[in-house]
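Per-entry structural report
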2 protein chains.
Amino acid sequence: VNDFGIGVLGFGTVGAGVVQGLQDNGDLIASRLGVRPVLRAIADLDLTTDRGVHVDSDLLTTDAEAVIDDPAINVIVELVGGTSIARDFTIRALEAGKPVVTANKALLAKHGEELFALAESRSTEIYFGASVGGGIPIIRALREGLIANHVHSIHGILNGTCNYILTRMEEDGIAFDTVLAEAQDKGFAEADPALDIDGMDTAHKAVILGRLAYGLHASLDDITIEGIRGLSERDIKLASGLGYRIKLLAIVKKVESEIEVRVHPAMVPLDHVIASIRGVFNAVLVDGDMTGDTLYYGKGAGREPTASTVIGDIGDIMKNLQTGSARRFPPASNGVGSVSLMSPGDVRTRYYLRLSLLDKPGTFSQVAATLGDHGISIASVLQQETHAGDYVPVVVVTHEAVESDCDAAIRSIVQLDVVRDRPVRIRIEE
Amino acid sequence: VNDFGIGVLGFGTVGAGVVQGLQDNGDLIASRLGVRPVLRAIADLDLTTDRGVHVDSDLLTTDAEAVIDDPAINVIVELVGGTSIARDFTIRALEAGKPVVTANKALLAKHGEELFALAESRSTEIYFGASVGGGIPIIRALREGLIANHVHSIHGILNGTCNYILTRMEEDGIAFDTVLAEAQDKGFAEADPALDIDGMDTAHKAVILGRLAYGLHASLDDITIEGIRGLSERDIKLASGLGYRIKLLAIVKKVESEIEVRVHPAMVPLDHVIASIRGVFNAVLVDGDMTGDTLYYGKGAGREPTASTVIGDIGDIMKNLQTGSARRFPPASNGVGSVSLMSPGDVRTRYYLRLSLLDKPGTFSQVAATLGDHGISIASVLQQETHAGDYVPVVVVTHEAVESDCDAAIRSIVQLDVVRDRPVRIRIEE
């Protein structure tokens, strides 16, 4: 059994999980792999907070750079978070030719192209299994298991906080704000929940998946990112009546030589497996040209699931070091023909539009005409009798339409005298 | 890009899929991996049947041994099926130090211990991803992705024919024999469906999963194997009323130092994700000590999904050959402490028992007393009013009990004058 020195940067939740996992299951890993991870240092600015795991105080340091530079340390585990210091540390490690394991989705979404190029130039590598899907080995499945497949599309539920909120809103009929506050109380949601509920966390993961499946380095600035903030119970109920459930999805899809990358709430058919993913769980559905649909499901966050995947990556890197076979699999797919990011306005999908319409004869025909003027055809209309006032809610489900046409139609509809408020728009994924 | 010669033994459904996949997606694989699979020979006794894929006639031969011995062929793909000739070919390849890819679950279930030992002694390897779950990369997930985990349990829906039959029976209220005949018409079920519906195909896979998770070489003779033949629509309906759905499960579970390996129809809670797996799809739920539950879902059979996984394995083996790093991951887990197969009679679970009971006061108390005599306590009883005759159906759901006690109780219940027919017993998995 070969020993390899492991240095952990960042002793937060996941860092503590990795340390605990190496302690508890180190023998298991050594017996399975014939290589043993030996924790040689843990760097963090805060060395006093109790992480619920016992470590030899000799291992603790505030000097991350010394850890990176230590010749007895072969693998750097970056769990600092953020995109500034984490980037500096990762660059320093790669420049020294040391492989890096990271769970940092923001870092990879923003600086992945630079970091992967640097790793290649130094003949070393970055493993990032825990950046998407926590304990679910989805990165490995895409990179290795499905290597014979052209990927048609990926649909992911990648944020447990959002999926928990949506599940509770639907199952218990509770308002968004109430569920969010409750999730914060229970520790499922961050004190500042914006990164989760406004979709950015999911978007980071979508960018990583797009790179892995297609070699596309999409910028976060160029993709549609909509979260679940302010989603109404009414739309969740109406969706259910139409046979759909609302999920926050990351969608990565190839259409000819263009790749759609988008994050938004979407209606998915109730009887589809993706609709059955409840609570804090994550799931990723991959449609490959040979496999058809495969789905990967599990806990997408949390100390131990995430640490499991980090340690799995450490295992791979140790095997690569042992056998001198770094860069076994590509961090970004390539050579599958040139692809480019589809402009968000060019995406084609179906839409659910909920309008607040003046309750008089002939008003809906104005809406229908406006949609028709923009080339959007109506699949179904739902108007329920209400006695709530002069305005009634009307739901329109469209056939497939181009996003820029839908945007323009909504701008025109808002101008109609018979329409109050901005229509609610939710995209439909079949 | 290094070229590696591939020899395919067996030009059936999967063999044709592999040949097609290598033709269509060979460039993709080469660009991703930096190694190129070059198909050098296909051996089959039948060289005339049209397989729907065009191959150079130079590649075709009836002489499988010449393919194995050909020095230009680096990887042997065994898709012959069965456990006799397939074993001979596999042994010949391994003895020559050539790595083997196989999708042959029967071969591995029966002769895996021998074949893995031979591969080890010749410093070569067997990849078998397609032997369980077809297009789902479950073997890779268990062997590599979850390497940091002690596995608590595995629950698998691993036979698409059975799951299709159960789904149709439940959703459309059709009898077993009718659905089976229809599945045979559509080509989902074999002309001789015994291997599928009597559970042996699932049992082969359970043995492979037990070996991978625990290093346990279980014999098919020593495990519980019950299929779905003769399962009644009535029990499917009653299960639904109790909040369960019946699935044919492979269960591999660690209880202290013993491993349960069993295959039988089981009731699973309706709101559990495993209950939502419909039709021909397969799914495997793995409970690891770090990840918690993760689930893998997709097409468990068929030409292209299975070929996808075979080609994924070819990719791994080529990388191992290129870098001189064979035997990267263990084909059987080891060193996690000594484990042994639990005797089927020692398994503890809950039971659903449906009895045909004489419709007179006091008869149920005889059943309850008999169960009590065998240490089995009753959780609930369901007796619906009928006017069908002297005997009424009574459903008993038990608390957890030991299988040998349940067997003994059923033997005693059958002896009671007030009971007609053998009780129907279905195990419950929570």
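Please read all numbers here as calculations on a predicted model, not as lab measurements.

Topic: helix α10 (residues 233–241) of chain A
Residue and element names in this part refer to chain A.
- Residues of α10 that are buried: Asp-235, Ile-236, Leu-238 and Ala-239. Taken down its axis, α10 places every buried residue within 165° of arc, on the same side. Exposed and oriented more than 90 degrees from the buried face of α10 are Lys-237 and Gly-241.
- Looking at where α10 begins, the residue whose side-chain oxygen comes 2.9 Å from the main-chain nitrogen of Arg-234 is Ser-232.
- Positive backbone phi, approximately 90°, marks Gly-243, located one or two places after α10.

Section: the side chain of Arg-425 of chain A
- Inspection of the secondary structure puts Arg-425 of chain A in strand β18 (residues 419–428).
- Looking at Arg-425 of chain A, its side chain comes within polar contact range of the side chain of Asp-407 of chain A, at 2.7 Å.

Concerning the relation of the copies chain A and chain B
- When chain A is fitted to chain B, the residual RMSD is 0.0 Å, and the transformation amounts to a turn of 180° plus an axial shift of 0.0 Å. One copy is carried onto the other by what is essentially a two-fold rotation axis. Among all residues of chain A, the one whose C-alpha sits closest to the rotation axis is Tyr-296 of chain A, at a distance of 2.4 Å.

Let's talk about the interface of chain A and chain B
- In this assembly, 57 residues from chain A lie in contact with 57 residues from chain B.
- Regarding the contact of chain A and chain B, the summed buried area is about 4800 Å², with carbon and sulfur atoms giving 56% of it.
- Where chain A touches chain B, the interface holds four salt bridges.
- Put simply, Glu-144 of chain B and Arg-140 of chain A hold a salt bridge, and the shortest N to O gap is 3.4 Å.
- On inspection of chain A and its partner chain B, the count reaches 22 residue pairs in polar contact (both at pLDDT 80 or more).

So, the sheet that holds strand β5 (residues 100–102) of chain B
All names here are of chain B.
- Here six strands make up an open sheet; going across it, the order is β3-β2-β1-β4-β5-β6 and the pairing parallel. Among the strands making up the open sheet, the edge pair consists of β3 (60–61) and β6 (126–127).
- Running at roughly 115° to strand β2 (residues 35–43), helix α11 (residues 303–323) makes contact with β1 (2–9), β2, β4 (75–78), β5 and β6 of the sheet.

Overview of the packing of aromatic side chains
- Evaluation of the coordinates by the stated rule reveals five aromatic pairs over all chains.
- Taken together, a centroid distance of 6.4 Å and an interplanar angle of 75° make the contact between Tyr-296 of chain A and Tyr-296 of chain B edge-to-face. Taken as a pair, Tyr-296 of chain A in strand β12 (residues 292–299) and Tyr-296 of chain B in strand β12 (residues 292–299) lie in two separate chains rather than in one. Grouping residues by exposure puts Tyr-296 of chain A and Tyr-296 of chain B together as buried.

A short note on unusual backbone geometry
All names here are of chain A.
- Despite not being glycine, Asp-421 shows a phi value in the positive range, around 70°.
- One can find Asp-421 in strand β18.
- Assessed through its relative accessible area of 51%, Asp-421 is described here as exposed.

Some thoughts on the pattern of salt bridges
- In total, this model carries 61 salt bridges over all chains according to the counting rule given.
- The salt bridge involving Asp-201 of chain A is made with Lys-205 of chain A; its shortest N-O contact spans 2.8 Å. Of this pair, Asp-201 of chain A and Lys-205 of chain A both sit in helix α9 (residues 200–214), separated by four residues, roughly a single helical turn.
- The buried category is assigned to Asp-201 of chain A, whose relative accessible area is 8%.
- The salt bridge involving Asp-407 of chain A is made with Arg-425 of chain A; its shortest N-O contact spans 2.7 Å. Here the residue Asp-407 of chain A occupies a position in helix α13 (residues 403–415), and Arg-425 of chain A occupies one in strand β18, the gap between them amounting to 18 residues.
- For Asp-407 of chain A, a relative accessible area of 26% translates into the label partly exposed.
- Each of Arg-140, Arg-143, Glu-144, Asp-313, Asp-316 and Arg-328 of chain A together with Arg-140, Arg-143, Glu-144, Asp-313, Asp-316 and Arg-328 of chain B takes part in one network of salt bridges that share partners.

Description of the sheet that holds strand β2 (residues 35–43) of chain A
Residue and element names in this part refer to chain A.
- Across the sheet, which stays open at both edges, the six strands sit in the order β3-β2-β1-β4-β5-β6 with parallel pairing between neighbours. Only two strands of the sheet have a single partner each, and these edge strands are β3 (60–61) and β6 (126–127).
- In terms of strand pairing, strand β4 (residues 75–78) meets strand β5 (residues 100–102) through three bridges, oriented parallel. In the strand pairing of β5, Val-77 is matched with Val-101.

Examining the pairing of strand β18 (residues 419–428) of chain B
Residue and element names in this part refer to chain B.
- Both strand β10 (residues 258–269) and β18 contribute to a ladder of two bridges, which runs parallel. Bridged to Ala-266 within β18 is Arg-427.
- Two strands pair when backbone bridges link them, and strand β14 (residues 348–358) and β18 are joined in this way by seven bridges, in the antiparallel orientation. Among the inter-strand pairings, Arg-354 is bridged to a residue of β18, identified as Val-424.

Notes on the confidence of the model for chain A
- Of all residues in chain A, 99% attain a pLDDT of 70 or more, and the chain-wide mean is 95.
- In the predicted assembly, ipTM is 0.95 and pTM is 0.96.

Overview of the packing of helix α1 (residues 13–33) of chain A against helix α11 (residues 303–323) of chain A
Residues and elements named next belong to chain A.
- Where α1 contacts α11, the two axes come as close as 8 Å, and the packing angle between them is 50°. Regarding the angle of α1 to α11, the classification is oblique. Here α1 and α11 pass one another in a crossing that is right-handed. Here Thr-13, Val-14, Ala-16, Gly-17, Val-18, Gln-20, Gly-21, Leu-22, Ile-29 and Leu-33 of α1 come into contact with α11, specifically with Arg-303, Thr-306, Ala-307, Val-310, Ile-311, Ile-314, Gly-315, Met-318 and Lys-319.

Conventions we followed
- Residues numbered from 1 in each chain as written.
- Chains lettered and ligands numbered in written order.
- Predicted model: local features only at pLDDT ≥ 70, side-chain atom pairs only at ≥ 80, totals over all residues.
- Heavy atoms only, no water.
- Buried < 20%, exposed > 50% of the residue type's maximum accessible area, 1.4 Å probe, protein only.
- Helix = DSSP H or I, 4+ residues; strand = E, 2+ residues; numbered from the N terminus.
- Arc of directions from axis to C-beta.
- Polar contact = N/O pair within 3.5 Å; in protein donor to acceptor, adjacent residues only side chain to side chain.
- Least-squares fit on C-alpha atoms with pLDDT ≥ 70 in both.
- Contact = heavy atoms within 4.5 Å.
- Buried area = accessible area lost by both parts, 1.4 Å probe.
- Salt bridge = Lys/Arg side-chain N within 4 Å of Asp/Glu carboxyl O.
- Pairing = 2+ DSSP bridges.
- Axes fitted to C-alpha atoms, helices over the stretch in contact; angles between N-to-C directions.
- Phe/Tyr/Trp six-rings, centres within 6.5 Å; stacked < 30°, edge-to-face > 60°.
- pLDDT = per-residue confidence, 0-100.
- Parallel < 35°, antiparallel > 145°, perpendicular 65-115°, else oblique.
- Left-handed = near helix turned anticlockwise from the far one by under 90°.

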